[in-house]
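# Tertiary structure, described
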Amino acid sequence: MSSPEGTFEESLDRLEKLTELLESPETGLEQAIELYEQGTKLARTCMERLEQAEQRVEKLRAQPAGSPAGGDGEANSLSVPDSNTSGTLFE
């Protein structure tokens, strides 16, 4: 899942870099304010993504065993072969 901010990991990496810049003694007041604004927006985006991921995991955990992974009635495209057959995982 990608967005204008990039992946979650890219957003988190950018947030860490913003933090380093904010902690730098060479960063002026105006630049620090701009960095802080960017950082708060990025942190909010990261938190929203984490909440969405948590909701997805909880939804998956709430499904009964053997139900489709999507939870929307569609069959899962990954099939696991019976131990008595010699099929492959991807048929």
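Structural data are supplied above this passage.
Summary of the structure given here. (Residues numbered from 1 in each chain as written. Predicted model: local features only at pLDDT ≥ 70, side-chain atom pairs only at ≥ 80, totals over all residues. Heavy atoms only, no water.)

## Focus: the overall build of the protein chain
When helices and strands are tallied, the protein chain shows two helices and zero strands. The long-range share in the protein chain, meaning contacts at least 24 apart out of those at least 6 apart in sequence, stands at 43%. On the protein chain, roughly 7600 Å² of surface is accessible, and the fraction owed to carbon and sulfur atoms is 54%. (Helix = DSSP H or I, 4+ residues; strand = E, 2+ residues; numbered from the N terminus. Contact = heavy atoms within 4.5 Å. Areas by Shrake-Rupley, 256 points an atom, 1.4 Å probe, with all protein chains shown as cover.)

## Section: helix α1 (residues 8-23)
End to end, α1 covers 23 Å across 16 residues, agreeing with the expected 22 Å (1.5 Å per residue, within 8%). Along α1, the residues that are buried comprise Ser11, Leu15 and Leu18. End-on, the buried residues of α1 take up no more than an arc of 60°, which puts them together on one face. Opposite the buried face of α1, by more than 90 degrees, sit the exposed residues Glu9, Glu20 and Glu23. (Expected span 1.5 Å × (residues − 1). Buried < 20%, exposed > 50% of the residue type's maximum accessible area, 1.4 Å probe, protein only. Arc of directions from axis to C-beta.)

## Quick notes on the pattern of salt bridges
Inspection of the entire model under this criterion finds two salt bridges. The residue glutamate 58 makes a salt bridge to arginine 61 at a minimum N-O spacing of 3.8 Å. Residue glutamate 58 and its partner arginine 61 are both found in helix α2 (residues 29-62); the two are separated by three residues, about one turn of the helix. Residue classification places glutamate 58 among the partly exposed positions, given a relative accessible area of 43%. (Salt bridge = Lys/Arg side-chain N within 4 Å of Asp/Glu carboxyl O.)

## Some points on the packing of α1 against α2
Look at α1 against α2: their axes get within 9 Å of each other, and the N-to-C directions meet at 150°. Comparing the axis directions of α1 and α2 gives the class roughly antiparallel. As for the relative orientation of α1 and α2, their crossing is left-handed in sense. Of α2, the residues touching α1 (which contributes Phe8, Ser11, Leu12, Arg14, Leu15, Leu18, Leu21 and Leu22) are Ala32, Leu35, Tyr36, Gln38, Gly39, Leu42, Ala43, Cys46, Arg49 and Leu50. The class makeup of the residues in the contact of α1 with α2 is 13 nonpolar, three polar and two charged. (Axes fitted to C-alpha atoms, helices over the stretch in contact; angles between N-to-C directions. Parallel < 35°, antiparallel > 145°, perpendicular 65-115°, else oblique. Left-handed = near helix turned anticlockwise from the far one by under 90°. Nonpolar A, V, L, I, M, F, W, Y, C, P; charged D, E, K, R; others polar.)

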